[in-house]
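Summary of structural features
So the chains spell out like this:
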Amino acid sequence: MNVYDGWRIASLLEHHGFVRTDAIPDADIIILNTCAVRAKATDKVFSALGRIRRAKKPNALFGIVGCVARESGADAFRRIPDLNFVLGPQSYHKLPQILENPDSRLLNIDLGGLEKFDELPQMERSPRVAYIPIQEGCNHVCTYCIVPYTRGREISRSFESVMAETLHAAKTGAIEICFLGQNVNGYKFIDENGTLYRLSDLIRETAKIPEIMRIRFTSSYPTEMTDDLIDMFSIEPKLLPFLNMPIQSGSQNILTRMNRPYSLELYTDIIRKLKIARPDIQISSDFIVGFPGETDSDFEQTMEIAKQIKYINSYSFKYSPRPHTAAALMQDQIPENIKAARLAKLDTYLNEVQREFNEGCIDKTLSCLLEGTDKTGRHLVYRTPFMQQCIVEYRDNAPELTDIKITAANKASLRGKFID
Ligand code: 5AD
Ligand code: SF4
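About the criteria used
- Residues numbered from 1 in each chain as written.
- Chains lettered and ligands numbered in written order.
- Predicted model: local features only at pLDDT ≥ 70, side-chain atom pairs only at ≥ 80, totals over all residues.
- Heavy atoms only, no water.
- Helix = DSSP H or I, 4+ residues; strand = E, 2+ residues; numbered from the N terminus.
- Rg over C-alpha atoms; globule rule 2.2 N^0.38 Å.
- Buried < 20%, exposed > 50% of the residue type's maximum accessible area, 1.4 Å probe, protein only.
- Contact = heavy atoms within 4.5 Å.
- Near = heavy atom within 4 Å.
- Polar contact = N/O pair within 3.5 Å; in protein donor to acceptor, adjacent residues only side chain to side chain.
- Salt bridge = Lys/Arg side-chain N within 4 Å of Asp/Glu carboxyl O.
- Domains from an automatic or database assignment.
- Buried area = accessible area lost by both parts, 1.4 Å probe.
- Nonpolar A, V, L, I, M, F, W, Y, C, P; charged D, E, K, R; others polar.
- Pairing = 2+ DSSP bridges.
- Axes fitted to C-alpha atoms, helices over the stretch in contact; angles between N-to-C directions.
- Phe/Tyr/Trp six-rings, centres within 6.5 Å; stacked < 30°, edge-to-face > 60°.
- Lys NZ or Arg CZ within 6 Å of the ring centre and 35° of its normal.

**Overview of the overall build of the protein chain**
Counting secondary structure elements, the protein chain contains 14 helices and 20 strands. For the protein chain, the C-alpha radius of gyration of 22 Å lies close to 22 Å, the compact-globule estimate for 420 residues. With respect to the three principal axes, the spread of C-alpha positions in the protein chain is 60 × 60 × 55 Å. Of all 420 residues assigned to the protein chain, the portion counted as buried reaches 53%. Taking contacts inside the protein chain between residues at least 6 apart in sequence as the whole, the part at least 24 apart equals 68%.

And the structure:
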């Protein structure tokens, strides 16, 4: 979501005549787009702000946008007095106000919902993978999560507005569409005639666009994985055989304390149905270890579910207490060393499974989408349908979407060669 917001902000500034630079001392405006989901991310923002203010031109405009802006509000001005603007994730379209009035200070952390989508100019060129937000905010209110506070209650964009942006992306360079939302599969829009549109309708409509060859969506909440959406995996070949559906914990007791009231049976049943719909589907998860009250036995149940599902491409985190959340006030917080040991154990296992999966791809031919070159410029980086990185020898005019034969693998990436 932040990558998308970053593009929109960059494109807004380009409309105002700005050009990009990587050098802070050259910049006339510097914007830090921020994430507040874990304390570490927030802390990094304030240390980066300190570095930037020392390196920037004295009169350069300087501000933060995103979830840390929303969380800190006016306090950010107190901590970093030379900040010019603090704009929340749903008010960065107000940025032109500070361009018109550079000597003022601008604070706007309102939850304006979808206003920004209508106010921002369309991007001139789409990246090959176009992220398209279809809903913002979240109504689930997991007890550890700051998102319902920073991005507000859940709201879905209109079907028409999503499809207009998708079509525009397709006509200006997109090959893959990734629909985004904190609770993406909860997308629901009812038009003036009372017609209900769901994520499955967006997928069906997007698949008709000839330029679009791959479709995916993230992140999914288990109980919103309805049959119409599961069916899409068997009906629509452009939908990639890969799904991020975070379980967070394998302990029923911890899930209840997290306010994620689904049963493990329901979760595994969805995966069973998905495998029937698309036998090669792979699942990715997010995990939180060391949630307040998590016992050794609770954690072992997380290891068990990981062993059962064999997730690929997952993310795991130590629980981080966040302001405005219920779990931060729970009494039985877990000591840091226990969290670290549990994370190391889970990560070791997840990496092992990823390596096995990657090695299983050797000698297979996968359809891959070009991402760019590696740091050396001597290789091309492609993405497989399972979101693995695949490294190929550089060649000029390389195809954007092509079959690649996998020749080698490790836990982080694949190597491959063009078929011809
Ligand atoms: N501590 C640790 N991880 C968190 N996440 C969200 N809130 C927290 C927190 N307080 C993780 C969840 C979520 C991902 C985006 O970030 O796993 O799925
Ligand atoms: Fe946060 Fe996701 Fe839970 Fe919503 S479903 S509250 S975004 S963790």
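Structure's up, so let's keep going.
**Some thoughts on the site of ligand 1**
In the region of ligand 1, the neighbouring residues are Val37, Arg38, Tyr144, Gln248, Asp286, Ile288, Phe317, Lys318, Tyr319, Ser320 and Arg322. With respect to ligand 1, the backbone of tyrosine 144 contributes an N or O atom lying 3.0 Å from a nitrogen atom. Here aspartate 286 contributes a side-chain N or O atom positioned 2.6 Å from an oxygen atom of ligand 1. Sorting the residues of the shell around ligand 1 by element identifies β14 (286–289) and β15 (315–318) as the ones contributing at least two each.

**With respect to the pattern of salt bridges**
Within the structure shown, the criterion is met by 28 salt bridges. For arginine 204, the salt bridge identified is with aspartate 201, shortest N-O distance 3.1 Å. Pair noted here: arginine 204 and aspartate 201 are both in helix α9 (residues 199–207), with a separation of three residues, about one helical turn. Arginine 257 is the salt-bridge partner of aspartate 332, the closest N and O atoms lying 3.0 Å from each other. Residue aspartate 332 is found in the loop between β15 and α14 (336–360), and its partner arginine 257 is found in helix α11 (residues 252–257); the two are separated by 75 residues along the sequence. According to the relative accessible area criterion, arginine 257 is partly exposed, its value standing at 26%. One connected set of salt bridges, linked through shared partners, spans Asp5, Lys116, Glu136 and Arg151.

**Here we look at the domain arrangement of the protein chain**
What the domain assignment reports for the protein chain is domain 1 (2–108), domain 2 (115–360) and domain 3 (365–418). The C-alpha-based centres of domain 2 and domain 3 are spaced at 25 Å. Each partner contributes residues to the interface: domain 2 has 20 residues there, and domain 3 has 19 residues. Buried area between domain 2 and domain 3, summed over both chains or domains, comes out near 1600 Å², and the portion from carbon and sulfur atoms is 62%. Three residues, Arg128, Arg214 and Asn358, lead the burial of domain 2 against domain 3; their summed loss comes to 40% of the area buried on that side. Counting the contacts that link domain 2 with domain 3 gives one salt bridge. Here arginine 128 and glutamate 400 are joined by a salt bridge, their closest N and O atoms 2.8 Å apart. On the surface where domain 2 and domain 3 come into contact, there are eight residue pairs in polar contact (both at pLDDT 80 or more).

**What about the site of ligand 2?**
Looking at ligand 2, the residues that line it are Cys138, His140, Val141, Cys142, Tyr144, Cys145, Val147, Pro148, Gln182, Tyr221 and Arg260. Of the residues that constitute the shell around ligand 2, the class distribution is eight nonpolar, two polar and one charged.

**Considerations on the sheet that holds strand β8 (residues 176–180)**
By way of backbone hydrogen bonds, the strands of a sheet pair with one another, either parallel or antiparallel. Read across the open sheet, the three strands follow the order β5-β8-β11; overall the sheet is parallel. Single-partner strands in this sheet number two, and they are β5 (129–133) and β11 (214–218). For this sheet the average axis-to-axis angle between neighbouring strands, irrespective of direction, equals 20°. Where β5 meets β8, five bridges bridge the pair, whose relative direction is parallel. Pairing of valine 129 across the sheet is with glutamate 176, part of β8. Where helix α1 (residues 2–15) meets the sheet, its contacts fall on β5 and β8, and the angle it forms with β5 comes to roughly 100°. Strands in contact with helix α8 (residues 159–171) are β5 and β8; relative to β5, the strand with the most contacts, it is inclined by about 170°.

**Points about the packing of aromatic side chains**
Summed over all chains, the structure comprises 11 aromatic pairs. Measuring from centroid to centroid gives 5.9 Å for tyrosine 382 and phenylalanine 418, while their planes differ by 80°, and the two rings are edge-to-face. Here the residue tyrosine 382 occupies a position in strand β17 (residues 379–383), and phenylalanine 418 occupies one in strand β20 (residues 413–418), the gap between them amounting to 36 residues. On the basis of relative accessible area, tyrosine 382 is assigned to the buried category, the value being 0%. Ring-pair connections join several aromatic residues into one group, and the members of that group are Tyr144, Phe291 and Tyr319. We note arginine 157 situated over the ring of phenylalanine 117; from NZ or CZ to the ring centre the distance is 4.0 Å. Just above the ring of tyrosine 349 sits the side chain of lysine 307; from NZ or CZ to the centre is 5.7 Å.

**Details of unusual backbone geometry**
The linkage connecting threonine 218 with the following residue, serine 219, adopts the cis geometry, with an omega of 5°. When you line up the elements, serine 219 lands in the loop between β11 and α10 (227–235). Unlike most non-glycine residues, asparagine 313 shows phi in positive territory, near 50°. Tracing the sequence through the fold places asparagine 313 in the loop between α13 (296–309) and β15. The residue histidine 324 is not glycine, and still its phi comes out positive at about 65°. Mapped onto the secondary structure, histidine 324 falls in the loop between β15 and α14.

**A few points about the packing of α10 against helix α12 (residues 264–277)**
Packing of α10 against α12 leaves a shortest axis separation of 7 Å and a crossing angle of 35°. For the pair formed by α10 and α12, the contact residues are Asp227, Ile230, Phe233 and Ser234 on the first element and Ile270, Lys273, Leu274 and Ala277 on the second. Of the residues assigned to the contact of α10 with α12, the class counts are five nonpolar, one polar and two charged.

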